[in-house]
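In case you want the letters, here they are:
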Amino acid sequence: MTVENFKALVVNQDENFTVKVNDLTLNDLPNGEVLIKVSYSGINYKDSLAAIQDGKIVTSYPFVPGIDLAGIVVSSEDSRFQEGDKVIATSYEIGVSHFGGFSEYARIPSKWIVPCPSGLSLKEAMIIGTAGFTAALSIQRLQENGISPENGKILVTGATGGVGSFAVSILSTLGYQVEASTGKDSEHEYLNNLGATSIVAREEVFDGKIRALGKQKWAAAVDSVGGEPLASLLSQIQYGGAVASSGLTAGTNLPTSVFPFILRGVNLLGIDSVYCPMDVRLNIWDRLATDFKPANLEGFIYQEVTLQQLPNVLPILLKGQARGRFLVKL
Ligand SMILES: NC(=O)c1ccc[n+]([C@@H]2O[C@H](COP(=O)([O-])OP(=O)(O)OC[C@H]3O[C@@H](n4cnc5c(N)ncnc54)[C@H](OP(=O)(O)O)[C@@H]3O)[C@@H](O)[C@H]2O)c1
């Protein structure tokens, strides 16, 4: 296969910190058994952090970010993957210390690659991306902890974000009553269309004061916000409920007490998409192509962008202004 050169978004720290589209050759790509012609990527919060100077994601420069990619196998040294296969590669070191998806070509270790399930196109897989995968993993963990639609309302925080949007939609598809918490008054219609049964302002989840125990409002929660809002919602979960915690948009400190756990039997479930074991990962992608698959995946796309647009678009997520998903077409 001869590829003279191809385009990729490169972040670099020389005299200045730069984020630019450059020409690379296949020799610039890191080691891995599978060479992929990337069709789509997506933007996650972590990618926006990777594209700023003090984002604490990238450790070595120059670097190609993009924690998600989907594309077609060009060549493979692992017999499990053949030329022409449709594949998904997310998580592990991709976009963190291994060149990622903001690139027309990627070389990826085969142990990080998932065959694209037959029920998803490459575009659909990247509309879902790590955000949708994390929402799905959160919901599967709630199910494993006995949370069913009969238990009552499920709260989704950061509901217009990537993880939040998918959590609202998947829960609604599965027949749960979903209360969506958002800071965006303008996006209630978007949340209703995703399947939210009710909408609350962020301040109704966290009014500035964290109580040891509050009124029991929700059977469970999918939380990608973290920080004080997570501490506050823990004190408002019903007896025997559970909270799936995946994010830190509102901060990393969790100023809670033991009371929700020891007086109400609430479970705090940690959600990690990055090193999620491969058997669980394959099962989650399978569910995203079947019973978890949202009806209108195109409706999650906030903007479809090119590599050239990425330097202007990446900062939007850091301001919490995004809604749904940015899809990157390579
Ligand atoms: N554990 C994992 O494996 C994993 C995987 C994926 C993502 N994450 C983490 O999950 C978080 C969300 O990721 P994402 O891709 O969904 O990001 P995103 O698209 O930027 O969504 C974040 C949402 O949080 C809400 N928000 C923003 N600032 C807030 C604040 N100060 N207080 C409360 N809510 C706030 C906003 O929604 P509203 O305006 O609707 O409230 C925003 O849209 C990030 O921290 C990310 O690193 C973790």
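Residues numbered from 1 in each chain as written. Predicted model: local features only at pLDDT ≥ 70, side-chain atom pairs only at ≥ 80, totals over all residues. Heavy atoms only, no water.

### Some words on the packing of aromatic side chains
So, point 1. All chains considered together, the criterion is met by 8 aromatic pairs.
So, point 2. Ring geometry for phenylalanine 166 against phenylalanine 300: centres 4.0 Å apart, planes inclined by 10°, an arrangement best described as stacked. Here phenylalanine 166 is found in helix H3 (residues 162-173), whereas its partner phenylalanine 300 is found in the loop between helix H8 (278-288) and strand S14 (301-305), with 134 residues between them in sequence. No difference in accessibility class separates phenylalanine 166 from phenylalanine 300, as the two residues are buried.
So, point 3. Pairwise contacts between aromatic rings join Tyr92, Trp112 and Tyr275 into one cluster.
So, point 4. The ring of tyrosine 105 is capped by lysine 37, whose NZ or CZ atom sits 5.4 Å from the centre of that ring.
So, point 5. Over the face of the ring belonging to tyrosine 190 we find arginine 323, whose NZ or CZ atom lies 4.5 Å from the ring centre. (Phe/Tyr/Trp six-rings, centres within 6.5 Å; stacked < 30°, edge-to-face > 60°. Helix = DSSP H or I, 4+ residues; strand = E, 2+ residues; numbered from the N terminus. Buried < 20%, exposed > 50% of the residue type's maximum accessible area, 1.4 Å probe, protein only. Lys NZ or Arg CZ within 6 Å of the ring centre and 35° of its normal.)

### Things to note about the site of the ligand
So, point 1. Around the ligand sit 26 residues, and of these Thr160, Val163, Thr182, Ile271 and Ser273 come closest.
So, point 2. One of the side-chain nitrogen or oxygen atoms of threonine 182 is found 2.6 Å away from an oxygen atom of the ligand.
So, point 3. In the model, a nitrogen atom of the ligand is placed 2.8 Å from a nitrogen or oxygen of the serine 246 main chain.
So, point 4. Starting from 920 Å² of accessible surface for the ligand in isolation, the protein chains cover 87%.
So, point 5. Of all elements in the fold, only helix H2 (122-144), H3 and strand S9 (178-182) reach the threshold of two or more residues within the shell around the ligand. (Near = heavy atom within 4 Å. Polar contact = N/O pair within 3.5 Å; in protein donor to acceptor, adjacent residues only side chain to side chain. Areas by Shrake-Rupley, 256 points an atom, 1.4 Å probe, with all protein chains shown as cover.)

### Examining the pattern of salt bridges
So, point 1. Scanning all chains against the criterion turns up 11 salt bridges.
So, point 2. In this structure, arginine 80 engages aspartate 78 in a salt bridge whose closest nitrogen and oxygen atoms are separated by 2.9 Å.
So, point 3. On the accessibility criterion, arginine 80 (54% relative accessible area) is exposed.
So, point 4. Each member of the salt-bridge network shares a partner with another, and the members are Lys123, Glu298 and Glu304. (Salt bridge = Lys/Arg side-chain N within 4 Å of Asp/Glu carboxyl O.)

### Considerations on the UniProt feature "domain: Enoyl reductase (ER)" (unreviewed entry) in the protein
So, point 1. Taking the numbering used here, the UniProt-annotated feature "domain: Enoyl reductase (ER)" (unreviewed entry) corresponds to residues 12-328.
So, point 2. Note that residues 12-328 is 27% helix and 26% strand, and that its end C-alpha atoms are spaced 20 Å apart. (UniProt positions renumbered as here; feature names shortened; annotations may be inferred.)

### Details of the side chain of serine 103
So, point 1. One can find serine 103 in the loop between strand S5 (86-90) and strand S6 (105-108).
So, point 2. Here serine 103 falls in the buried class, since its relative accessible area comes to 1%.
So, point 3. A polar contact of 2.6 Å, which involves the side chain of serine 103, links it to the backbone oxygen of tyrosine 105.
So, point 4. In this structure, serine 103 is in contact with Phe6, Lys7, Ala8, Val38, Val64, Leu307 and Leu330, ignoring residues within four places of it in sequence. (Contact = heavy atoms within 4.5 Å.)

### Focus on helix H6 (residues 227-234)
So, point 1. The element H6 is largely enclosed, with a buried count of 7 among its 8 residues.
So, point 2. Regarding H6, the residues found buried are Gly227, Pro229, Leu230, Ala231, Ser232, Leu233 and Leu234.
So, point 3. Buried-residue contacts for H6 involve strand S8 (154-156), helix H5 (202-205), strand S11 (218-223), strand S12 (237-245), helix H7 (259-264) and strand S13 (267-270).

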